[in-house]
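# Analysis of the macromolecular model
Residues per chain, in single letters:
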Amino acid sequence: MRKSINNGNITWLDEGQGATVVLIHGFAENSGLWNIQTTQLKTQYRVIIPDLPGTAVSPLSSPLTIESMAEYVYAILLAEDISDAVIIGHSMGGYIALALAEKYPSVVKGLGLFHSTAKADSEEKKEGRRKSVKLMEQYGAETFLRQTLPNMFSPATKSTLPSEVDAYVKMGMECQLPALIAYYEAMAARPDRTGVLKGLRVPVLFMIGKDDNAVPLDNVLPQITLPRISSIHIFENVGHMGMWEIATESNVILEQFTAFCQL
């Protein structure tokens, strides 16, 4: 069921019943990213899936920051009278989950970094984002997305599941250019939040693909020992899109992690 508040400026999907899992999408994505996981999780849990500002159904807000998007998710929890939830974020969604955990730790029953990192962008990464913004401004969103989004998948997936790659690019096309630029600027400006991982008293999930070019293995590995309790999953022939590349395995991991967080 799709719901909204604030005159439609905050929207989300609400499926299933039970303990709550929040699934947060990333850059050039929307709630549809998690369709496969939602279908499975909603048989046991209540699943909340925000459509962040700038997606096809939620208007872009200004200023847009990682912190403002964390407040957006928190507003949904308040509207639904949800006191705590397992928070899972993909890529930029993981940055939002960390910001939420930093400001509102009591609402986080478990934190999932699904191809994500607590580190801030390096100077090299920031420069890459600035160049990407210039490319989008010069050539448009479609050209940029068609060049960039297929690289979120491993070479093996691009070869064996080309329809998935095409579907992901199509999803990206639903985001307007101003939103894509705002997302990149928000990600570049975010602070390091490895300290949040150290301070968490709840389980933390790390989903890592060995072929992930966006959040490489060597970026995440130093972080896995920071939380008190870590659930670590590293996959061969998986890029940045494990929820699609290895959907069955991802479903099992999310189910098991969510169950563990209820203990």
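In this report, we go over the structure that sits alongside the text. (Residues numbered from 1 in each chain as written. Predicted model: local features only at pLDDT ≥ 70, side-chain atom pairs only at ≥ 80, totals over all residues. Heavy atoms only, no water.)

### Some details on the packing of aromatic side chains
Across all of its chains, the model carries seven aromatic pairs by this definition. Between Phe-144 and Tyr-184, the ring centres sit 6.0 Å apart and the planes meet at 90°, which makes this aromatic pair edge-to-face. Taken together, the positions of Phe-144 in helix α5 (residues 141-148) and Tyr-184 in helix α8 (residues 177-189) put the pair 40 residues apart, joining distant regions of the chain. Residues Phe-144 and Tyr-184 agree in their burial class; the two are buried. (Phe/Tyr/Trp six-rings, centres within 6.5 Å; stacked < 30°, edge-to-face > 60°. Helix = DSSP H or I, 4+ residues; strand = E, 2+ residues; numbered from the N terminus. Buried < 20%, exposed > 50% of the residue type's maximum accessible area, 1.4 Å probe, protein only.)

### Here's the deal with the sheet that holds strand β4 (residues 46-51)
Spatially, the eight strands line up as an open sheet ordered β1-β2-β4-β3-β5-β6-β7-β8, and their pairing is mixed. Two strands bound the open sheet, and with one partner strand each, they are β1 (2-5) and β8 (230-235). Averaged over all adjacent pairs, the angle separating strand axes in this sheet is 20°, with direction ignored. Bridging between strand β7 (residues 204-209) and β8 involves six bridges; their strand directions are parallel. The partner of Met-207 across the bridge, within β8, is His-233. (Pairing = 2+ DSSP bridges. Axes fitted to C-alpha atoms, helices over the stretch in contact; angles between N-to-C directions.)

### Overview of helix α3 (residues 92-103)
With 12 residues, α3 should reach 16 Å at 1.5 Å per residue; the first-to-last C-alpha distance of 17 Å fits that figure. Summarising burial for α3: 10 of the 12 residues are buried, a large majority. Here α3 has its buried residues at Met-92, Gly-93, Gly-94, Tyr-95, Ile-96, Ala-97, Leu-98, Ala-99, Leu-100 and Ala-101. (Expected span 1.5 Å × (residues − 1).)

### Some remarks on the side chain of Thr-258
Locating Thr-258 in the fold gives a position in helix α12 (residues 247-261). When its relative accessible area of 1% is taken as the criterion, Thr-258 is described as buried. Not counting residues within four places of it along the chain, the set of residues in contact with Thr-258 comprises Val-21, Tyr-45 and Val-86. (Contact = heavy atoms within 4.5 Å.)

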